[in-house]
Amino acid sequence: MGKRITAIRGMNDILPSQSVAWRHLEDTVRNLLTGYGYGEIRLPIVEYTELFKRSIGEVTDIVEKEMYTFEDRNGESLTLRPEGTAGCVRAGEEQGLLYNQVQRLWYAGPMFRYEKPQKGRYRQFHQIGVETFGMVGPDIDAELIVLTAQLWAALGISELVRLQLNSLGTSAERARYRTDLVAWLEQHREQLDEDSQRRLTSNPLRILDSKDPATQAILDQAPSLADYLEDESRTHFDGLKAMLDAAGVRYEINPRLVRGLDYYGKTVFEWVTTALGAQGTVCAGGRYDGLVEQLGGRATPAVGFAMGVERLVLLLETCDKVAHLNLQPHAYFIVSEGLEAQSLAMAGRLRAALPGLRLTMHCGGGKFKKQVKKADESGARVALILGENEAASGELAIKYMREDRPQETITEAAVVERLLALMQG
RNA sequence: GUGAGCGUAGCUCAAUCGGUAGAGCCCCGGAUUGUGAUUCCGGUGGUCGUGGGUUCGAUUCCCAUCGCUCACCCCA
């Protein structure tokens, strides 16, 4: 007996019972984005490794230890995308979508990071990403956030998520702040947790979102990034806040919110929940005005965000927002031995007459009683019965499984009428 | 990468202070040969995660290993 082949660690099968929720989420997002004038872009899952190194940042954890990188047959280093923005920018630039233009794009699909799996964190996970290009003002930042807020409302999870907001300023402002922050933290180096001490040289801003209480206590006294923002950054941030206020979107300013990818500047935001354990960020993004240029294009302002599909599905499940999604068949066709061909032909006519009809054929034989039970278990509203009696009279029996209503034996045309009424009700 | 908890039937879980395992659900058949509740009867199904050690004997004790889960970390 051969060794059993399993799925790769952290890469999950999405079963039919779960995919209903996935589709509900995807459909809702797609409709919303279409309504806002966003176009879907479909991107490769594999890109040159260099793309991610140059965009995400060489010293980030993602690039340093989480990428699925391999050589293809001619020796080039390729990487399974760990996030979507880099590929989207690459495509936009390569296809001439960005120069002197305004773009609103979205994409969906799997991302890959070599991390230890836990709740809400997987090695293959799925994001729906939204990226916009060519717009400098805070109005587009606000549009993106309002759009997400509306999405939570549409999904019925508004009360489970909170919006955290911050401005990282320009890279010059951040650089000045970084210097002062490091100088200040150096004085308290001993009290910092181990990871934060290491970040003092590699990525000091990430110290801000350390979970270590001692480190946080020290940060309470540390210089604040907000004080380093100059007019333009501050005006941008104030403008965004004013628009969110006007739109009725509630937010919390979190001066410690930094984000893990290097390309962010000015606006950053995160929608977080406490309902999911340690992985509480459900949607996050920000402005990355420098990235396009950094990847070789003309300087182009850009803002975007990505949401984690698994996490949102978990949220939908925890608050039971998916139970009502009804994909059960309208009808279950009970077939008698010897009448299979006739039944199939009739089912075909019903399907043709009723687009959208969900009709399950009973296949594989079995006793009448068993088939009725299967019809019940399928969740079908009615069972259609073609047995010898019905076949003899050229009719079909319709049995109502969910309501107190007598079974009828009627013509095929009448069955179409009944099913139509049922589908519309 | 670090830590903790857990791996027994398809699923959810028992049990054995070491004497080779049991229930519920599911599935199949019957009571009920064309009508889904419930009930009753019967049946299928386990290399007790894997490898090694101790032992007359290991699912049980020990070691290792793999897997899962959660947390650290990281992030969607």
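Residues numbered from 1 in each chain as written. Chains lettered and ligands numbered in written order. Predicted model: local features only at pLDDT ≥ 70, side-chain atom pairs only at ≥ 80, totals over all residues. Heavy atoms only, no water.

1. Considering the nonpolar core
Then, number 1: Ranked by size, the top nonpolar core spans 87 residues in total, and within it Phe 133, Ile 145, Trp 152, Trp 271, Val 282 and Met 307 carry the most contacts.
Then, number 2: It is helix H5 (residues 138-155) that contributes the most residues to this core, nine residues altogether.
Then, number 3: Dropping the residues within four chain positions of it, Val 282 is found in contact with Trp 152, Val 161, Trp 271, Thr 273, Leu 276, Met 307, Gly 308, Arg 311, Leu 312 and Leu 315.
Then, number 4: Among the nonpolar cores identified, the runner-up in size contains 22 residues, and Leu 357, Tyr 400, Ile 410 and Val 416 belong to it. (Core = buried A, V, L, I, M, F, W, Y, C linked by side-chain atoms within 4.5 Å. Buried < 20%, exposed > 50% of the residue type's maximum accessible area, 1.4 Å probe, protein only. Helix = DSSP H or I, 4+ residues; strand = E, 2+ residues; numbered from the N terminus. Contact = heavy atoms within 4.5 Å.)

2. Description of the sheet that holds strand E4 (residues 77-80)
Then, number 1: Strand order in this open sheet of three strands is E2-E4-E3, and the pairing throughout is antiparallel. Where the open sheet ends on each side, the last strands, each with one partner, are strand E2 (46-48) and strand E3 (68-71). Each adjacent strand pair in this sheet contributes to an overall mean axis angle of 35 degrees, direction not counted.
Then, number 2: Note that E3 and E4 share four bridges and pair antiparallel. Residue pairing across strands places Tyr 68 opposite Leu 80, the latter belonging to E4. (Pairing = 2+ DSSP bridges. Axes fitted to C-alpha atoms, helices over the stretch in contact; angles between N-to-C directions.)

3. A closer look at the sheet that holds strand E7 (residues 161-167)
Then, number 1: In space, the eight strands of this open sheet follow the order E1-E5-E6-E11-E10-E9-E7-E8, with mixed pairing throughout. The outermost strands of the open sheet, each flanked by one partner alone, are strand E1 (39-40) and strand E8 (252-253).
Then, number 2: Relative to the sheet, H5 contacts strand E5 (103-112), strand E6 (124-133), E7, strand E9 (265-273), strand E10 (281-287) and strand E11 (302-308), its axis offset from that of E11 by approximately 20 degrees.
Then, number 3: The sheet strands contacting helix H9 (residues 231-247) are E7, E8, E9 and E10, and the helix crosses E7 at an angle near 160 degrees.

4. Things to note about the pairing of E10
Then, number 1: Within E10, six of the seven residues are buried, leaving the element largely enclosed by the surrounding structure.
Then, number 2: Inspection of the sheet shows E9 paired to E10 by six bridges, in the antiparallel sense. Paired with Trp 271 across the bridge in E10 is Cys 283.
Then, number 3: Where E10 and E11 come together, five bridges link them in antiparallel fashion. Paired with Gly 285 across the bridge in E11 is Phe 305.

5. Digging into the protein's contact with RNA strand B
Then, number 1: RNA strand B sits among 50 residues. The nearest are Arg 9, Arg 199, Arg 206, Arg 259 and Lys 367.
Then, number 2: Backbone atoms, meaning sugar and phosphate, make up 52% of the atoms of RNA strand B lying within 4 Å of the protein.
Then, number 3: The separation between a phosphate oxygen of RNA strand B and a polar side-chain atom of Lys 367 is 2.3 Å.
Then, number 4: Among the secondary structure elements, those contributing two or more residues to the surface near RNA strand B are E6, helix H7 (194-202), E10, E11, helix H13 (368-378), helix H14 (388-393) and strand E15 (396-400).
Then, number 5: Of all the elements, H13 adds the most residues to the surface near RNA strand B, at seven residues.
Then, number 6: Residue classes in the surface near RNA strand B are distributed as 15 nonpolar, eleven polar and 24 charged. (Near = heavy atom within 4 Å. Polar contact = N/O pair within 3.5 Å; in protein donor to acceptor, adjacent residues only side chain to side chain. Nonpolar A, V, L, I, M, F, W, Y, C, P; charged D, E, K, R; others polar.)

6. Section: empty space enclosed by the protein
In this approach, a probe sized like a water molecule rolls over the atoms, and the result shows the empty space that is left.
Then, number 1: Here the structure, examined in full by the defined rule, presents one cavity of 30 Å³ or more.
Then, number 2: Its boundaries defined by the atoms lining it, the largest cavity holds a volume of some 40 Å³.
Then, number 3: Contributing to the lining of the largest cavity are Leu 43, Pro 44, Glu 47, Phe 52, Arg 81, Glu 83, Gly 84, Gly 87 and Cys 88.
Then, number 4: Counted by class, the lining of the largest cavity contains four nonpolar, two polar and three charged residues. (1 Å grid on protein atoms, 1.4 Å probe; cavity = no way out; pocket = protein on both sides within 12 Å on 5 of 7 lines; lining within 4 Å. Points joined across faces, edges and corners; volume = space filled by probe spheres on them.)

7. Description of the packing of aromatic side chains
Then, number 1: A complete count under the given rule lists eight aromatic pairs for this structure.
Then, number 2: Arranged with centres 5.8 Å apart and planes meeting at 80 degrees, the rings of Trp 152 and Trp 271 form a pair that is edge-to-face. One end of the pair, Trp 152, is in helix H5; the other, Trp 271, is in strand E9, with 119 residues separating them in the sequence.
Then, number 3: Through a chain of ring-to-ring contacts, three or more aromatic side chains come together here, namely Phe 133, Tyr 263, Tyr 264 and Tyr 288.
Then, number 4: Over the ring of Tyr 114 we find Arg 123; its NZ or CZ atom is 3.8 Å from the centre of that ring. (Phe/Tyr/Trp six-rings, centres within 6.5 Å; stacked < 30°, edge-to-face > 60°. Lys NZ or Arg CZ within 6 Å of the ring centre and 35° of its normal.)

8. Describing unusual backbone geometry
Then, number 1: Residue Asn 100 is not a glycine yet carries a positive backbone phi of 55 degrees.
Then, number 2: With respect to the secondary-structure elements, Asn 100 resides in the loop between helix H4 (85-94) and E5.
Then, number 3: Asn 100 sits in the exposed class, given a relative accessible area of 71%.

9. With respect to the environment of Arg 42
Then, number 1: Mapped onto the elements, Arg 42 comes out in the loop between E1 and E2.
Then, number 2: Since its relative accessible area comes to 72%, Arg 42 is described here as exposed.
Then, number 3: Remark: the alpha-carbon pair of Arg 42 and Arg 81, spanning 39 residues in sequence, is separated by 13 Å.
Then, number 4: Of note is the side chain of Arg 42, whose polar atom sits 3.1 Å from the side chain of Glu 40.

10. Digging into the domain arrangement of chain A
Then, number 1: Annotation of chain A at the domain level lists domain 1 (16-169 + 229-318) and domain 2 (331-424).
Then, number 2: Between domain 1 and domain 2, the C-alpha centre-to-centre distance is 48 Å. (Domains from an automatic or database assignment.)

11. Re the pattern of salt bridges
Then, number 1: Evaluated as defined, the whole model comprises 23 salt bridges.
Then, number 2: One salt bridge connects Arg 198 with Asp 195, and the closest N-O pair in it is separated by 2.3 Å. With a gap of three residues between them, Arg 198 and Asp 195 both fall in helix H7, about one helical turn apart.
Then, number 3: Close ionic contact of Glu 232 with Lys 266 constitutes a salt bridge, the shortest N to O distance being 2.8 Å. Linking Glu 232 in helix H9 with Lys 266 in strand E9, this pair joins segments that are 34 residues apart in sequence.
Then, number 4: Residue Lys 266 is classed as buried on the basis of its relative accessible area of 9%.
Then, number 5: Through salt bridges that share partners, Glu 47, Arg 90 and Glu 94 make up one connected network. (Salt bridge = Lys/Arg side-chain N within 4 Å of Asp/Glu carboxyl O.)

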